[in-house]
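So you can see what is in the structure, the chains are spelled out below.
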Amino acid sequence: MAKIICGVDVSKARLDVFVAGPNVAAAFDNTAEGVDALAGFCREHGVALVAMEATGGLEKLAFLLLWKSGLPCARVNPRQVRDFAKAAGALEKTDAIDARLIAGAARALNIVETKPPSDAQQRLEALTTRLSQIVADLVTQKQRRHTTSDALARGSIEAVIAFLDAEARRFEKEIAAEIEKDPLWARLDAALRSVKGVADRTVARLLAELPEIGVYSNKAIVKLAGLAPIANDSGARRGNRHIRGGRARVRSILFLVAGIAMRFDEKLKAFHNALIQKGKPKMVARIALARKLLVILNARAREARDAFPPVHP
């Protein structure tokens, strides 16, 4: 007998749900109380898996609270759901219809549960996300300073920059403390930093948003980061291969750091230059360099994990 799956369409205020099997629909508030009611609804209908799209964070509350209540959950790639909808000929789009399609996609694609991050992982991710926001705001304020000549306006910008600088330092210290508290993270931190050009913020981003580093194979970790070229062949035709999907924030920092790392590593520099000399577009060379750096980092992280003493009960 097929397991019963509940599809959840998440919006800021509401959770529209559809339970495939008994084929019942409902809606709940996207609050702690609403998620608690949803958990009871799922148990009532014998739900074995709750599937929801990854919606940029709006799904986090429901995802985490449902796991805490004992209900396995899965995050589904929105692209997979859209492709499933097209294949099913579903042209209409409402929140209720989307919930039904999510449940259908999860069943058709045999989606498995997505394990929730630990409390420490959630905190590290929150801290690194906030630090990234602060750094982005700093860039914006510094750009404004260059185009402002009025003394009062410039003084205001300078005050904001000083505040953001202090906030950035505060979050960097908090992140460093979180990493230092965890023996495995501390070991991974040292291993990743052994690659010249890789510093605090890169390590924090990788540990927070790519916790699989050092666990997955090189091929799998590259695909997870969205740096694997996707085949585009048919018969004798060999089409151009492009990257797609993956974890954009991880990919963006690898692009940046790879350019820095090759200044210190002659092998990386030679690899990049060889691609350029072969006539490869600069973006293709940039992607390949980031991919090669990730493979190196994954190997260092794997060595660190292998050397880490196992925890005995």
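The preceding data block contains the structure.
Residues numbered from 1 in each chain as written. Predicted model: local features only at pLDDT ≥ 70, side-chain atom pairs only at ≥ 80, totals over all residues. Heavy atoms only, no water.

(A) The overall build of the chain, seen in detail. Per the secondary structure count, the chain includes 12 helices and seven strands. Each principal axis of the C-alpha distribution contributes one length, and for the chain these read about 65 × 60 × 55 Å. Residue burial in the chain is summarised as follows: out of 313 residues, 37% are buried. When contacts within the chain are restricted to residue pairs at least 6 apart in sequence, long-range pairs at least 24 apart make up 61% of them. Computing the positive centroid from 50 side-chain charges and the negative centroid from 34, the chain places the two 9 Å apart. (Helix = DSSP H or I, 4+ residues; strand = E, 2+ residues; numbered from the N terminus. Buried < 20%, exposed > 50% of the residue type's maximum accessible area, 1.4 Å probe, protein only. Contact = heavy atoms within 4.5 Å. Lys, Arg positive; Asp, Glu negative; His and termini not counted. Charge placed at Lys NZ, Arg CZ, Asp CG, Glu CD.)

(B) The arrangement of the side chain of glutamate 209 in detail. On the secondary structure map, glutamate 209 appears in helix α8 (residues 200-209). Excluding its chain neighbours within four sequence positions, the residues that come into contact with glutamate 209 are Thr128, Thr129, Arg247, Arg249 and Val250.

(C) Summary view of the nonpolar core. One finds Ile213, Leu227, Leu294 and Leu297 to be the most contacted residues of the largest nonpolar core, which totals 47 residues. At the level of elements, α5 (119-146), α6 (151-181), α7 (183-193), α8, α9 (218-224), α10 (248-264) and α12 (282-307) are the ones that each hand at least two residues to this core. Those residues in contact with isoleucine 213 that lie beyond four places of it in its chain are Leu192, Leu206, Ile221, Leu294, Leu297, Asn298, Ala301 and Arg305. With 22 residues, the next largest nonpolar core counts Val19, Val35, Ala39 and Trp67 among its residues. (Core = buried A, V, L, I, M, F, W, Y, C linked by side-chain atoms within 4.5 Å.)

(D) Here's a closer look at the pattern of salt bridges. Following the criterion strictly, the structure yields 19 salt bridges and no others. A salt bridge links glutamate 125 to lysine 60; the nearest nitrogen and oxygen atoms lie 3.7 Å apart. Of this pair, glutamate 125 sits in helix α5 while lysine 60 sits in helix α2 (residues 60-68), and the two are 65 residues apart along the sequence. Given the relative accessible area of 24%, glutamate 125 is considered partly exposed. For lysine 60, a relative accessible area of 37% corresponds to the partly exposed category. Here arginine 193 and aspartate 200 are joined by a salt bridge, their closest N and O atoms 2.8 Å apart. Owing to a relative accessible area of 36%, arginine 193 belongs among the partly exposed residues under this scheme. Accessibility expressed as a relative area gives 43% for aspartate 200, which makes it partly exposed. One salt-bridge network, in which partners are shared between bridges, spans Glu53, Arg82, Lys93 and Asp98. (Salt bridge = Lys/Arg side-chain N within 4 Å of Asp/Glu carboxyl O.)

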